[in-house]
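A closer look at the structure
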Amino acid sequence: IVEIDDVVSKIQDIFLKGVRFNLVYKAFDFDDKARTFHEKCDKIETSLVLVETNKDIRFGGFTTKSWRGNNVKKVDNYSFVFSLDNNKIFEVIPNQPAIGCYPNYGPVFFGCQMRIYDEFFTKGGTTCHKGLNFKTTKDYELNNGEKNFIVKDIEVYSLENMDVD
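These numbers come from a predicted model, not from an experiment.

What follows covers the environment of Phe21. Mapped onto the fold, Phe21 is located in strand S1 (residues 18-26). In contact with Phe21, not counting residues within four places along its chain, are Val8, Ile11, Leu48, Tyr157, Ser158 and Leu159.

Tyr25, Val51, Phe109, Ile116, Ile154 and Val156 are the most contacted members of the largest nonpolar core, which has 26 residues in total. When residues of this core are traced back to their parent elements, those giving at least two are helix H2 (34-41), strand S2 (47-53), strand S7 (97-101), strand S9 (114-117) and strand S12 (151-162). Once residues lying within four places of it in the same chain are set aside, the contact partners of Phe109 are Val49, Gly61, Phe62, Thr63, Trp67, Ser79, Phe80, Val81, Ala98, Ile99, Met114 and Phe134.

Going residue by residue along S9, you find Met114 and Ile116 tucked away on one face and Arg115 and Tyr117 left uncovered on the opposite face. Inspection of the sheet shows strand S8 (residues 105-109) paired to S9 by 3 bridges, in the antiparallel sense. Across the sheet, Tyr105 pairs through a bridge with Tyr117, a residue of S9. Counting the residues in the hairpin turn of S8 and S9 gives 4 residues, including Gly111, whose phi is positive at 75°. Direction of pairing for S9 relative to strand S10 (residues 125-126): antiparallel, over a ladder of 2 bridges. Note that in S10 the partner of Ile116 across the bridge is Gly125.

Inspection of the secondary structure assignment puts Thr127 in the loop between S10 and strand S11 (148-149). The sequence separation of Thr127 and Val108 amounts to 19 residues, and the corresponding C-alpha distance is 9.7 Å. Every residue in contact with Thr127, bar those within four places of it in the chain, is listed here: Phe59, Cys112, Gln113, Tyr140, Leu142, Asn143, Glu146, Lys147 and Phe149.

Let us now look at the packing of aromatic side chains. Counted by the stated rule, this structure contains 11 aromatic pairs. When the centroid spacing of 5.9 Å and the interplanar angle of 75° are considered together, the rings of Tyr25 and Phe37 count as edge-to-face. Taken together, the positions of Tyr25 in strand S1 and Phe37 in helix H2 put the pair 12 residues apart, joining distant regions of the chain. For the pair shown, Tyr25 and Phe37 are each scored as buried. A centroid spacing of 5.2 Å and a plane angle of 25° characterise the contact between Phe62 and Phe80, whose relative ring orientation is stacked. Of this pair, Phe62 sits in strand S3 (residues 58-63) while Phe80 sits in strand S5 (residues 80-83), and the two are 18 residues apart along the sequence. For Phe80, a relative accessible area of 0% gives the class buried. Through successive ring pairs, a cluster of aromatic residues spans Tyr25, Phe30, Phe37, Trp67, Phe109 and Phe134.

In this structure, Asn71 is a non-glycine residue whose phi angle is positive, near 60°. The backbone of Glu119 sits at a positive phi, close to 50°, despite the residue not being glycine. Position of Glu119 among the secondary structure elements: in the loop between S9 and helix H3 (120-123). For Glu119, a relative accessible area of 27% gives the class partly exposed.

Scoring rules and cut-offs
Residues numbered from 1 in each chain as written. Predicted model: local features only at pLDDT ≥ 70, side-chain atom pairs only at ≥ 80, totals over all residues. Heavy atoms only, no water. Helix = DSSP H or I, 4+ residues; strand = E, 2+ residues; numbered from the N terminus. Contact = heavy atoms within 4.5 Å. Core = buried A, V, L, I, M, F, W, Y, C linked by side-chain atoms within 4.5 Å. Buried < 20%, exposed > 50% of the residue type's maximum accessible area, 1.4 Å probe, protein only. Pairing = 2+ DSSP bridges. Phe/Tyr/Trp six-rings, centres within 6.5 Å; stacked < 30°, edge-to-face > 60°.

Structure below.
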């Protein structure tokens, strides 16, 4: 069973060190505007995104690239998406775009594996077909087989390397 500890462990394996997680954006505490997401998150070089839907489905993604950019796709061979409810982590397909940086969207993990619309508390988001840019095996696997969802909350954490003795 994949738990959040497994996601943290995978991130620590990437960095080969301990990692400190700092909450920089919680939609419920701010708002659901793409503009606010980018104001809070564009400066982050490495981030963990956690999404909870109004049906209490939990999934997310990890990237070592910033969210800064104007309609830019970014390759990140360390990126992955995960489903806490389906107990799975999905690697990015090497050398494929992992994230999309779009000023009118919140976080986008490419191949539309996870695409969060502006005003996402009402407009929601989508998850996408299997195997586009991440190694998913079923359509809409992050969202338990459903394409569309309404966001209950999104949290974005910046990650900071820590020396471990």
